[in-house]
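# Topology and contacts: notes
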Amino acid sequence: MAGAGVAITGIGIISSIGKTMEESQQALLSGTHGISRIEHVDTKLRDNIWVGEIKYSNAELADLLKLPAGHNYTRTAMLGCYAAQAAVASLGSCDMDAYKTGLISSTSVGGMDYTERYFYKYLEDPALHPYISTHDAGDSSHKIADYLGIQGLVTTISTACSSAANAIMMGARLIKHGRLDRVIVGGTDALSKFTINGFNTLMILSDELCQPFDQDRKGLNLGEAAAYLVLESEEVVRKENRKPLAYLAGYGNANDAFHQTASSDNGEGAFLAMEKAFTVAGLSASAIDYINAHGTATPNNDLSEGRALQRIFSDDMPLFSSTKAFTGHTLAAAAAIEAVFCIVALQQQIVFPNLNFKTQMEELDCSPQTEARPAQLEHVLSNSFGFGGNCSSLIFSKA
Amino acid sequence: MKRSIYINGIGAVTAQGVWRADFFVESHPLQHAVNAVQQPSYKELISPAMARRMSRGIKMGIYAAQQALDEAHITIPDAIITGTGLGCSEDSEKFLRNVLDNEEQFLTPTAFIQSTHNTVAAQIALRLGCKGYNFTYVNRSVSFESAVLDALMQLHDGEASSILVGAVDEISDHTARLLQLIGYIKPSDVHETVKESKSPGANYAESATFFTLSQEKTAQSYCEILDLCLQNKVSQSELPTFVDKFLKKNGLQLQDIDALVLGYSGDSDFDGWYEQAEQLFDATVSLYYKHLVGQCDTSSAFGLAMAAQFVSDQAIPETAQYNTTTLDRPLKNVLLYNQFRGEDHSLVLVRSC
């Protein structure tokens, strides 16, 4: 793949800061976060946590998607269909059968939102049975493929909170190898009682608005979202007269091999993932103008990531921010929504702020960007790290 | 120029025990709706304290992975890529029960930590100290094939020289009951083998199967993996074109295939796809394996292990033979075909080396 990388020709997103690109962009520029108390999940923790929740009920989402009565779409699937449809619509024209088209989706929670509702009730109520087969992670991908009319290579990645970055990476590989001409890549995750309680037992949920990279950060806010990118081959770009929004120039995945959930002190996995991404992009660290950090606001992540960033960039730290204070940590979807934010940053030549930051971490020599500001951006880096030591970095370049 | 890719090591934990020389001689067709896996002792690989906290899926995965690495004489692979349909079902179910039964109180994190789909790949990496690429695919019956596809691209490119690729699926109690309610698993009072089956649903069993794939041909190499393709939907009438396109892409015709490995699961509603595939090929040996290892989302990984073994041995044991055609030529090209309930179709092509 000579030149800039794999062309990104479409994007679609839904998160707690907006159900369209325009709304999302407006929120990012005005510093308006989407964090609130939870309404759509029945949990005892509702008064203890803040979440980036999309304020549509499942019934409202089904109406937006015009799903028929009696459908068995989980919230994860509906959010995914909504964002993937928006990504395809943003292309203007898209004949799914004209090119080899695939879907690489990702999710961590899958259909758990319905499983936790009906787990025992399934045994008594046959009317609920259509939801049994929606539990697995592949279900939402099948639903999205059907919704978009894709017949082809459809698969799903689940590597916890780096999932969507890995889906984007696999999509790029398939294009580079000529196995696909077009691929829709991204991730979707709905909030669920299961994940809320899981993160709560790990004691990494903040009872306040999260403060990425702040000395006094208390933990993360969970969120829900879905976002998808359309990647197309050079040939499709040429034939369809596309104007790429940006290019995926580099990518890398590495394993921290340190602990099932915690990151190593020196951010070894993160460091290796970034190095690999530079190699694939053929760029040096000094070419990076902005970093959309993983920055979950847990004590462990931000220290480990901060150290890895300092190892890579030493005294020449680019502008960086975590946008998780806007959306919450949307798990498998996080890397996809942050990819969209990076693309918008490149298009608008603007860096988005890291909200709620007050005090620099004493272990670090750098602070995140706290205001939206214009900046000359050629290449931006996006980090995403997940349980199991899974570390992924993506590099996006200006079209 | 594309490099050749070889299977240099195999490991498995199945309902017939672990991967071994006499595997097929000692195997017997499964007859129960849900079959237990015959587990090895994990003592030499996993400390008892750790083993107590680990679900079967993690332990089976670690064991099969180590077998595959040992056979290939690889200590640390360049990448670890796994596939799983349902992921760490046991820990997911355990944590969910705790959340529901205790009304979100008195919870401990261990089951949650181990419930993520990439736990097995992560635990293998942690054990080996493998800091390379680490991916997990979770798309029903193409979960494993997606992992192989990823590995093939990286090996073709020379991005990696040896990759550990594997599949694991465990079955937790409640999930098995639910899958029986919707007919994926046969009812408990039905006792049919895959060949005898006249009813819908399949006999299920857990399994883990791992491979060391490498660019280098060694004395241990079982066979070459040439190519594979996946597709979410293929109707029975589209199947001939689906197969034909794949073979053509690889410069082959139907008659070049010396044996078929089919995912017959004994599900009377969906085995028609395999019958259709058999009809495409004239007088070609057809083989099956789910009668031995059961159905799960990633049992097709065992189909690949079996194909690799037979190609390497240039012999087919009777227990694996589905049709009555006898092999009358060298076993060179073998085509594997799998699908689940008419979706997630995969074709894999292997060749003797």
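Rules of the game
Residues numbered from 1 in each chain as written. Chains lettered and ligands numbered in written order. Predicted model: local features only at pLDDT ≥ 70, side-chain atom pairs only at ≥ 80, totals over all residues. Heavy atoms only, no water. UniProt positions renumbered as here; feature names shortened; annotations may be inferred. Helix = DSSP H or I, 4+ residues; strand = E, 2+ residues; numbered from the N terminus. Buried < 20%, exposed > 50% of the residue type's maximum accessible area, 1.4 Å probe, protein only. Polar contact = N/O pair within 3.5 Å; in protein donor to acceptor, adjacent residues only side chain to side chain. Contact = heavy atoms within 4.5 Å. Buried area = accessible area lost by both parts, 1.4 Å probe. Salt bridge = Lys/Arg side-chain N within 4 Å of Asp/Glu carboxyl O. Axes fitted to C-alpha atoms, helices over the stretch in contact; angles between N-to-C directions. Parallel < 35°, antiparallel > 145°, perpendicular 65-115°, else oblique. Left-handed = near helix turned anticlockwise from the far one by under 90°. Nonpolar A, V, L, I, M, F, W, Y, C, P; charged D, E, K, R; others polar. Pairing = 2+ DSSP bridges. Domains from an automatic or database assignment. Phe/Tyr/Trp six-rings, centres within 6.5 Å; stacked < 30°, edge-to-face > 60°. Lys NZ or Arg CZ within 6 Å of the ring centre and 35° of its normal.

Looking at an unreviewed UniProt entry, chain B carries the name 3-oxoacyl-(Acyl-carrier-protein) synthase, with the source organism given as Sphingobacterium paludis.

Looking up chain A in an unreviewed UniProt entry gives the name 3-oxoacyl-(Acyl-carrier-protein) synthase, with the organism given as Sphingobacterium paludis. UniProt's Sequence similarities (unreviewed entry) comment on chain A is quoted here verbatim: "Belongs to the thiolase-like superfamily. Beta-ketoacyl-ACP synthases family."

## Focus on the side chain of Ser221 of chain B
All names here are of chain B. Position of Ser221 relative to the elements: it lies in the loop between strand E8 (207–214) and strand E9 (223–233). Residue class for Ser221 comes out buried when judged on its relative accessible area of 11%. A distance of 2.6 Å separates polar atoms of two side chains, one belonging to Ser221 and the other to Asn8. With sequence-adjacent residues up to four places away left out, Ser221 is seen in contact with Tyr6, Ile7, Asn8, Glu216 and Cys353.

## With respect to the interface of chain B and chain A
The figure often quoted for interface size is the accessible area lost as the parts come together. In this complex, chain B contributes 65 residues to the contact, which on the side of chain A involves 65 residues. On the chain B side of the contact with chain A, Glu104, Lys131 and Met153 of chain B bury the most area, a combined 12% of that side's loss. In this structure, Arg140 of chain B engages Asp139 of chain A in a salt bridge whose closest nitrogen and oxygen atoms are separated by 3.3 Å. Remark: the boundary between chain B and chain A carries 33 residue pairs in polar contact (both at pLDDT 80 or more).

## Digging into the packing of helix H9 (residues 268–281) of chain A against helix H10 (residues 299–313) of chain A
All names here are of chain A. It is the contact of H9 with H10, at a shortest axis distance of 8 Å, that shows an interaxial angle of 40 degrees. The angle between the axes of H9 and H10 places the two elements in the oblique class. Here the hand of the crossing between H9 and H10 comes out right-handed. Residue-level inspection shows Glu268, Ala270, Phe271, Met274, Glu275 and Phe278 of H9 in contact with H10, the latter providing Ala308, Leu309, Arg311, Ile312 and Phe313. Across the contact of H9 with H10, the residue classes break down as 8 nonpolar, no polar and 3 charged.

## Observations regarding the pairing of strand E4 (residues 154–157) of chain A
Consecutive side chains along a regular strand alternate between the two faces of the sheet. Residues and elements named next belong to chain A. Burial along E4 is two-sided: the residues Val154 and Thr156 and Thr155 and Ile157 are all buried. Note: strand E3 (residues 101–106) against E4, 4 bridges, orientation parallel. Across the sheet, the residue bridging to Ile104 is Thr155, located in E4.

## Focus on the domain arrangement of chain B
All names here are of chain B. Per the domain assignment, the segments making up chain B are domain 1 (6–214) and domain 2 (223–351). Between domain 1 and domain 2, the C-alpha centre-to-centre distance is 22 Å. Each partner contributes residues to the interface: domain 1 has 52 residues there, and domain 2 has 45 residues. Buried surface at the junction of domain 1 and domain 2, both sides included, amounts to about 3,900 Å², of which 65% is carbon and sulfur. Taken as a group, Phe24, Ser141 and Val194 account for 19% of the area that domain 1 buries against domain 2, more than any other trio of residues on that side. Counting across the interface, domain 1 meets domain 2 through 1 salt bridge.

## Focus: the packing of aromatic side chains
One pair of aromatic rings is described through two measures. These are the centre distance and the angle between the planes. In the structure shown here, the tally under the stated rule is 30 aromatic pairs over all chains. When the ring of Phe194 of chain A is compared with that of Phe95 of chain B, the centres are 5.3 Å apart and the planes differ by 85 degrees; the resulting orientation is edge-to-face. Residue Phe194 of chain A is found in helix H7 (residues 193–201), and its partner Phe95 of chain B is found in helix H3 (residues 89–101); the two belong to separate chains. For Phe95 of chain B, a relative accessible area of 0% corresponds to the buried category. Here the aromatic rings of Phe23 of chain B and Phe24 of chain B are separated by 5.1 Å at their centres, their planes lie at 65 degrees, and the arrangement is edge-to-face. The two residues Phe23 of chain B and Phe24 of chain B agree in class, both being buried. Each member of the aromatic cluster is reached from another via a ring pair, and the members are Phe194, Phe199 and Phe387 of chain A together with Phe95 and Phe112 of chain B. Just above the ring of Tyr73 of chain A sits the side chain of Lys143 of chain A; from NZ or CZ to the centre is 5.2 Å. Over the ring of Tyr322 of chain B we find Lys195 of chain B; its NZ or CZ atom is 5.2 Å from the centre of that ring.

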